[in-house]
Amino acid sequence: MTVTSGPAPTAVLAFAEPPEAVLDAFGSTPQGLSQDRAARRLVEVGQNRLPDPPRRNPVLRFLAHFDDVLIYILLAAAVLKAILGEWVDFTVILVVAVANAVVGFVQEGRADKALAGIATMLSPDADVRRDGQWRTVPADELVPGDVVRVGPGARVPADLRLLSAAALQVEEAALTGESVPAHKAVEAVGTDAGVGDRSSMLFSGTIVTAGRGEGVVTSTGSGTEIGRIQTLVAEVDELDTPLTRQLAHLGKQLSLLILVMAAVMLVIGRLIHSFALDELVSAAIGFAVAAVPEGLPALVTVTLALGVQQMARRNAITRRLTSVEGLGSVTTICSDKTGTLTRNEMTARTVVTASGRYSVEGLGYEPTGAVRGSDGSDADLASHLDLAAFVTAGALCNDARVVQDDGRWGIVGQPTEAALTVLALKAGAAPDAQRIAQVPFDSATKFSATLDEAADGARHVHALGAPDRLLDRCTRQRTDEGSVPLDRAWWDAVVDELGAQGLRVLAAAHRAEPDATGLAGDDVHDLELLGVVGIVDPPRPEAVTAIADCHRAGIRVKMITGDHAGTALAIARELGIVAGDGPQSDDEVEVLTGGELEAMTNEQLRRRVRSVDVYARTSPEHKIRIVRALQAHGEVVAMTGDGVNDAPALTRADIGIAMGIKGTEATKEAADIVLADDNFATIERAVEEGRRIYDNIRKSVAFLLPTNGAQSLVILVAVLAGLSLPLTPVQILWVNLVTAITLSLALAGEPAERGIMTRAPRSPREHVLSPSALVLVLFASVVIGAATLGVYVLERDHLGSDDARAQTSAVAMLALAQLAYLFSCRFLGSTSLTWRVLVGNRLVWVAAGALVVLQLVFTYAPFMHDWFDSAAIGARDWAITVGGAAGVFLLVEAAKAVIRRSVRG
């Protein structure tokens, strides 16, 4: 290994080499580097900090939001309006375009914040040995080859290869997903060991929970594991949501249609009807303004914003508007296990002694729940001396304590020890003893021991640790009849049984030591085994229900965790992610490990990814590969997680979901949605909300487009027929304005349709407008346009109205026809000829009232006559337009019935 800019080329294999070889490779010794050599190396490799990501110029970022075909047409129309001096039209069009850009600009920057969140995990200072002397230096001055020491509570300042370790345990959950601290040792591990299995390494940003250690720095800055994750976050491309892609596709189609029709209109108007050029230009602008649904971006934004508020009330905080709708199209949820599907709170579940088996109720660190015997009755300690001896030993050989903060139960100390503390509280044990001496837990011996003196003066050694190690030190076992010789084979079978259930197994033992005054590791022998306990990070009960609901909704749930395969599979079965009876054939595999994923090509993974629901011992790269493989099948993937190791996959997924309470800042910043209650069940409710919102967007688009379609048809027909324009461009903008601020927003408040969570997820390739909805839009455009043109011709040619009155009647007809069509759009898939169309959405009536008021102002306010060339109309004109609106409603309902029959047939 040679030192270069960044980590050494083979530094990643330091975990597989002995400490002496690593020191030699970095030109260092156990006494560390000299100050001069460290300074030179700092110049060579750079500071130990994560580099700032490149950022685009804010002006360019803002201008990028105008890069849309529909916006181009709007801006061109605005420029032409300015040239013609029609400033009201110019202002309205420009405001819509700029507002859309502002919303997009504000939503940006999440990836940059995610990188900043990762940077906050680095340690500010480090204890380093230079010139043989320990000193504290800024962590960003560390270089490969430095010798660093860490102790309890310290944040590891760089990636280290251990040189020495004493009972060293490190919290790596944010990096690896492990639910318990990792035990560290000096011994090298295999070259194929994943990050979670590299027990000879300490990783930058992780926290020492117990013990002490010294190590040589192997990687700094972007070369560390956490730096590599930052690079993954920066390199991952974010995907547009299905709605974003569909709206872009719709915009291109509309733009092409608008340009073609405008060109046809210009040619026919000039060659056939010999219209003046200025008239044709004005008509073309009017046609473009009429045809472009400039209210569509605002409509979608408002609908999504209302959905954001609704989701926030259900504990799902949305950081990106379009992700609200994206949730509704999710087909697969890839979830981290620790802290997401489980509580990340180790809990004793089963106690086995030589005389009986006990089940423990309750979840997490809250000390409530009963301990029951095999017959289901409460196991009081007075009549179950075997249980009393076990929980007493577990409570005394233990430094963890349970605390309550703001109504939430937590711990101080090791999670596995805390599980035994909570077990003692549930059982009602309160041992009164004083600790005389102790042997701390050591990863080499895998047990801890204490010498305790009871209130009566009796002294006992209590030991707690791995069953195989304690069984080796036991000669007898406790039963109801007293102490009997140890039945090793029986206990091995019990341990295997509990392990097969995904439980972490600990054993407790003791021995009377009436004259002992101290304790050493060699003193822990000839023990009496008291029993074993099975501990688990329990599934969230609400997650079990939510997963079942997801399955009913056609959504697959996959667990991707850094935990061991056996534990992951057991929890997955308990959650209902996989069937409890195992694979149906030898070809089926229920779980894939990170090592197996490494050996697979991307094509092999794509073939397997949909059939496997549990992935264990995974790294950040594995999670991204899994997400990409699913997306290659057209799946819309939501990825949940709480650790920094989840951030790259959250960024790559269609929808990234972070835990708000236990999630790291880096994960929250990379996510689209943050769960305020860390509850997987909230995802299921958010999916339901996403489906409702998408339904409402479809209804809103189906409602909005006929407004533009009818207006453009009126102008197109008038030009083709050689008529004067029934609507001026400014009157078209008026109708667009009042429908955009009133009727268009009403459908955003529609409640969820019946059975919304029992239908399959929609295809990501499905268009916003289905073929049947498109037929309805075209039919409604023709009907509303015909009614508007008919009223204009009727008023001008048959009822003797002047042009201003005829145009005002046409505007009223267009507005009221839109109101009638609104009621039809409330139930696109069923008839609106029902009393239900009048209830369930208060916004509809608010919007209808606002429309009527605004239309009355348009018709009768003198200043509106000056601005929009309108005129007052009489009762006869209103009767004609109201009757026409009723006719539009009935014709649309008839068309809906025909469409429904054709779809079913």
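Residues numbered from 1 in each chain as written. Predicted model: local features only at pLDDT ≥ 70, side-chain atom pairs only at ≥ 80, totals over all residues. Heavy atoms only, no water.

**Observations regarding helix H28 (residues 803-825)**
This is how the line gets drawn: Counting from the N terminus, the helices are the DSSP runs of H or I reaching at least four residues and the strands are the DSSP runs of E reaching at least two. What a helix should span is 1.5 Å times the count of its residues minus one. Exposure classes here rest on a 1.4 Å probe applied to the protein chains alone. A residue is buried below 20% of its type maximum, exposed above 50%, and partly exposed in between.
Here H28 spans 32 Å end to end across 23 residues, near enough to the 33 Å set by a 1.5 Å rise per residue. Of all 23 residues making up H28, 20 are buried, and the element is well covered by its neighbours.

**What to know about the sheet that holds strand S9 (residues 332-335)**
Selection rule: Two strands are said to pair when DSSP picks up at least two bridges between them. Fitted lines through C-alpha atoms give the axes, limited to the stretch in contact for helices. The angle between two N-to-C directions lies from 0 to 180 degrees. Contacts: residue pairs with any heavy atoms within 4.5 Å of one another.
As summarised here, the arrangement of the 8 strands in space is S8-S27-S26-S25-S9-S22-S24-S23, forming an open sheet in which the pairing is mixed. The open sheet has two free edges, formed respectively by strand S8 (316-318) and strand S23 (591-593), since each of these has just one partner strand. Between one strand and the next, the sheet's axes are offset by a mean angle of 20 degrees, whatever the strand orientation. The strands that helix H19 (residues 565-575) touches are strand S22 (556-560), S23 and strand S24 (614-616); relative to S24, the one it contacts most, it runs at about 155 degrees.

**Quick look at the environment of Met639**
Mapped onto the fold, Met639 is located in strand S25 (residues 637-641). Here Met639 falls in the buried class, since its relative accessible area comes to 0%. Distance in space between the C-alpha atoms of Met639 and Ala653 is 5.9 Å, their sequence separation being 14 residues.

**Here's the deal with the pattern of salt bridges**
Put simply, the rule reads: By salt bridge we mean one thing: a side-chain nitrogen of Lys or Arg within 4 Å of a carboxyl oxygen of Asp or Glu.
All chains considered together, the criterion is met by 39 salt bridges. Residues Arg617 and Asp197 are paired through a salt bridge, measuring 2.1 Å at the closest nitrogen-oxygen approach. With a gap of 420 residues between them, Arg617 in the loop between S24 and helix H22 (620-632) and Asp197 in the loop between strand S5 (182-183) and strand S6 (201-202) connect regions that are remote in the sequence. Given the relative accessible area of 34%, Asp197 is considered partly exposed. Between Asp378 and Arg372 there is a salt bridge, with the nearest N and O atoms lying 2.6 Å from each other.

**Quick look at the packing of helix H18 (residues 541-552) against helix H25 (residues 680-721)**
Two measures define how a pair of helices packs: the angle their axes make with one another and the distance between the axes. Short version of the rule: Convention used here: angles under 35 degrees read as roughly parallel, angles over 145 as roughly antiparallel, angles from 65 to 115 as roughly perpendicular, and any remaining angle as oblique. Helix crossings get a hand from a simple test, with the near helix turned counterclockwise from the far one by less than a right angle marking a left-handed crossing and a clockwise turn marking a right-handed one.
Between H18 and H25, whose axes approach to 7 Å, the crossing angle comes to 30 degrees. It follows from the interaxial angle that H18 and H25 lie roughly parallel. Every pair of crossing elements has a handedness; the one defined by H18 and H25 is left-handed. On H25, the residues touching Glu542, Ala543, Ala546, Ile547, Asp549 and Cys550 of H18 are Phe680, Ala681 and Glu684.

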